[in-house]
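This is what each chain is made of:
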Amino acid sequence: MLSNRLAVLLTTALAPAVWGTTYLVTTELLPPHRPLLAAVIRCLPAGLLLIALTRALPKGDWWWRALVLGALNIGAFQALLFIAAYRLPGGIAATVGAVQPLVTAGLSAALLGDRLTLRTVLSGIAGVAGVSLLVLRAGARLDAAGVAAALGGAVVMAFGVVLSKRWVSPAPLLATTGWQLTAGGLLLVPVTLLSEGAPPTHYTADNLLGYAYLCLIGAALTYAVWFRGLRSLPPTSLSFLSLLSPVVATLAGWLVLGQDLSPLQALGALVVLGSLIVAQTQRPRRAAPPPTGPGPGPDLRPDPVRENA
């Protein structure tokens, strides 16, 4: 059982690790000043490809559920992420976004009945501190709208993770992943056209290589791995894995771009990894249900039958 959980953790960790290379690919291969276009090309073709491969469309309630989950996990998250990236230095955006595990833990306690422990809270705080040591720079400029966007991105992603655990699709994993990527990509299209205008008419070989990497590896593969992990792992454990992204982004900048890596940054990476390991070694526990009087209250825990679907 333990070795199986470790295998799922290591496999799922590949997703945020790959997402940590997004900044490098965007800056080195993609056209400048087109972040939302990159998000659309990353998500929409990947979603349509998975739907074409699985030949499965949503049924019943899953039409609107796929739209909600796609908006939270993909569309709204990507839009807020890029707004934060444009209005804030990368270090501040990453540090604010690192609160996602704490938000997920709180939502899991409220909606799924998971117990919020001191160990989880301290691990989350340590994760934020480690990311700040890793990426935050002295004299970084604050922007209220940018901070709000970064915090909003963490919150919508946390809601998406918790709801994905609550709503377990009976369809194959790749089909469910395709629905969410397609829904999120379609929601991003009008936002992209309004904010960035029509897409460019000319693309270089580097541009095409970058878009192909983001679409096939950075979306179709990694989101399938991420949602597969969510079916097996508690939401809070999964969210802590997202702290790997700034670690990988920093290492990629050091290895590929020759950026400096200070001892303080190395310490931050160790703190992040330590908080991640501590968070994964705790088994989730259900909180005792509150008294509800003469009749049973609403059951907000995941349905065990659908959970194993």
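Per chain, residues are indexed from 1 in the order of the written sequence. The model is predicted, so local features are restricted to residues of pLDDT at least 70 and side-chain atom pairs to those at 80 or more, both for listing and for counting; the totals for chains, interfaces and linings are taken over all residues. The side-chain values count all of the structure's non-hydrogen atoms but skip hydrogen atoms and water molecules.

Draft legend 1. Structural context of the overall build of the protein. Comment: elements are numbered from the N terminus, with helices defined as DSSP H or I runs of at least four residues and strands as E runs of at least two. From N to C terminus, the protein includes 14 helices and 0 strands. Seen in sequence order, the protein has helices and strands lined up from the N terminus as α-α-α-α-α-α-α-α-α-α-α-α-α-α. Within the protein, the fraction of its 309 residues that count as buried is 49%. For the protein, restricting intrachain contacts to residue pairs at least 6 apart in sequence, the fraction spanning at least 24 positions comes to 92%. Counting every atom, the protein has about 14900 Å² of accessible surface; 72% of that belongs to carbon and sulfur. Summary of the burial criterion: residues with accessible area below 20% of their type's maximum are buried, those above 50% are exposed, and those between are partly exposed, where the area comes from a 1.4 Å probe applied to protein chains only. Residues are treated as being in contact if the distance between any of their heavy atoms lies within 4.5 Å. Only the protein chains shown count as cover for residues, with accessible areas throughout obtained via the Shrake-Rupley method and a probe of 1.4 Å.

Draft legend 2. Representation of empty space enclosed by the protein within the structure. A 1.4 Å probe that fits into a set of points on a 1 Å grid over the protein atoms alone but cannot get out defines a cavity; an open set with protein on both sides within 12 Å along at least five of seven lines defines a pocket, and lining residues are those with an atom within 4 Å of a point. Grid points are joined across faces, edges and corners, and a volume is the space filled by probe spheres set on the points. This structure, assessed with the given rule, holds 2 cavities of 30 Å³ or more. A volume near 130 Å³ is recorded for the second largest cavity. The wall of the second largest cavity is formed by 13 residues, among which Ser164, Trp167, Thr176, Phe227 and Arg231 lie closest to the centre. Secondary structure elements with two or more residues in the lining of the second largest cavity: α8 (144-166), α9 (173-196) and α10 (205-232). Any residue outside Ala, Val, Leu, Ile, Met, Phe, Trp, Tyr, Cys, Pro, Asp, Glu, Lys and Arg is labelled polar, Gly included; the first ten of those are nonpolar and the last four are charged. By residue class, the composition of the lining of the second largest cavity is 6 nonpolar, 4 polar and 3 charged.

Draft legend 3. Local environment of the environment of Val135. With respect to the helices and strands, Val135 occurs in helix α7 (residues 118-135). Sequence separation of Val135 and Leu264 is 129 residues, and the distance between their C-alpha atoms is 9.8 Å.

Draft legend 4. Spatial organisation of the packing of aromatic side chains. The criterion for an aromatic pair is that two Phe, Tyr or Trp rings (for Trp, the six-membered ring) have centres within 6.5 Å, with stacked assigned to planes under 30 degrees apart, edge-to-face to planes over 60 apart and tilted to the rest. Following the criterion strictly, the structure yields 6 aromatic pairs and no others. Here the aromatic residues Trp19, Tyr223, Trp226 and Phe227 are joined through ring pairs into a cluster of three or more. Two conditions define a charge sitting above a ring: the NZ of Lys or the CZ of Arg must be within 6 Å of the ring centre, and it must be within 35 degrees of the ring normal. The aromatic ring of Trp62 is capped on one face by Arg65, whose charged end is 5.8 Å from the ring centroid.

Draft legend 5. Focus on helix α13 (residues 263-280). In this model, α13 (18 residues) spans 26 Å end to end at C-alpha, consistent with the 26 Å of a helix rising 1.5 Å per residue. Taken as a whole, α13 has its buried residues at Gln265, Gly268, Ala269, Val272, Ser275, Leu276, Ala279 and Gln280. The buried residues of α13 all sit within an arc of 135 degrees when viewed along its axis, so they share a single face. Within α13, the exposed residues directed more than 90 degrees away from the buried face are Pro263, Leu270 and Ile277. Take the residue count of a helix, subtract one, and multiply by 1.5 Å to get its expected span. Here the arc refers to the directions that run from the helix axis out to each C-beta atom.

Draft legend 6. Local environment of the packing of α8 against α10. It is the contact of α8 with α10, at a shortest axis distance of 9 Å, that shows an interaxial angle of 55 degrees. Classed by the angle they form, the pair α8 and α10 counts as oblique. Crossing geometry of α8 relative to α10 is assigned as right-handed. From α8, Met157, Val161, Ser164 and Lys165 reach across to α10, where they touch Trp226, Phe227, Leu230, Arg231 and Ser232. A class-by-class count of the residues in the contact of α8 with α10 yields 5 nonpolar, 2 polar and 2 charged. An axis is simply a line fitted to the C-alpha atoms; with a helix, the fit covers only the stretch in contact. Between two such axes, the angle follows the N-to-C directions and lies from 0 to 180 degrees. Note that the term roughly parallel is reserved for angles under 35 degrees, roughly antiparallel for angles over 145, roughly perpendicular for angles of 65 to 115, and oblique for everything else. Each crossing gets its hand from how the near helix is turned against the far one by less than a right angle, where anticlockwise is left-handed and clockwise is right-handed.

Draft legend 7. Spotlight on the nonpolar core. One finds Ala46, Trp179, Leu181, Tyr223, Trp226, Leu238 and Leu241 to be the most contacted residues of the largest nonpolar core, which totals 37 residues. No other element matches the 7 residues that α10 contributes to this core. Sequence-distant contacts of Leu238, defined by excluding residues within four places in its chain, comprise Thr12, Val161, Trp226, Gly229, Leu230 and Leu233. In this description, a nonpolar core means a group of buried Ala, Val, Leu, Ile, Met, Phe, Trp, Tyr and Cys residues linked to one another through side-chain atoms lying within 4.5 Å. In this structure, Val131, Val135, Leu243 and Val247 belong to the second largest nonpolar core, which totals 11 residues.

Draft legend 8. Geometry of helix α12 (residues 244-256). Relative to the 18 Å expected for 13 residues at 1.5 Å per residue, α12 spans 18 Å between its end C-alpha atoms, a close match to the ideal helical length. What α12 keeps buried is the set Leu244, Ser245, Pro246, Val247, Thr250, Ala252 and Gly253. Positive backbone phi, at 70 degrees, marks Gly258, one or two positions downstream of α12.

Draft legend 9. Up close: the environment of Leu37. Mapped onto the elements of the fold, Leu37 is located in helix α3 (residues 35-54). For Leu37, a relative accessible area of 9% gives the class buried. C-alpha separation for the pair Leu37 and Leu188, spaced 151 residues apart in sequence, amounts to 8.6 Å.

Draft legend 10. Representation of unusual backbone geometry within the structure. Its identity is not glycine, yet His33 carries a phi of approximately 60 degrees, on the positive side. Its location among the elements puts His33 in the loop between α2 (22-29) and α3. The residue Arg55 is not glycine, and still its phi comes out positive at about 55 degrees. Note that Arg55 resides in the loop between α3 and α4 (62-87). In this structure Arg55 comes out as exposed when scored by relative accessible area, which is 77%.

Draft legend 11. Just the side chain of Thr236, in detail. As for its placement among the helices and strands, Thr236 is situated in helix α11 (residues 235-241). If sequence neighbours within four positions are ignored, Thr236 has contacts with Pro101, Thr104, Ala105, Ser108 and Thr120.

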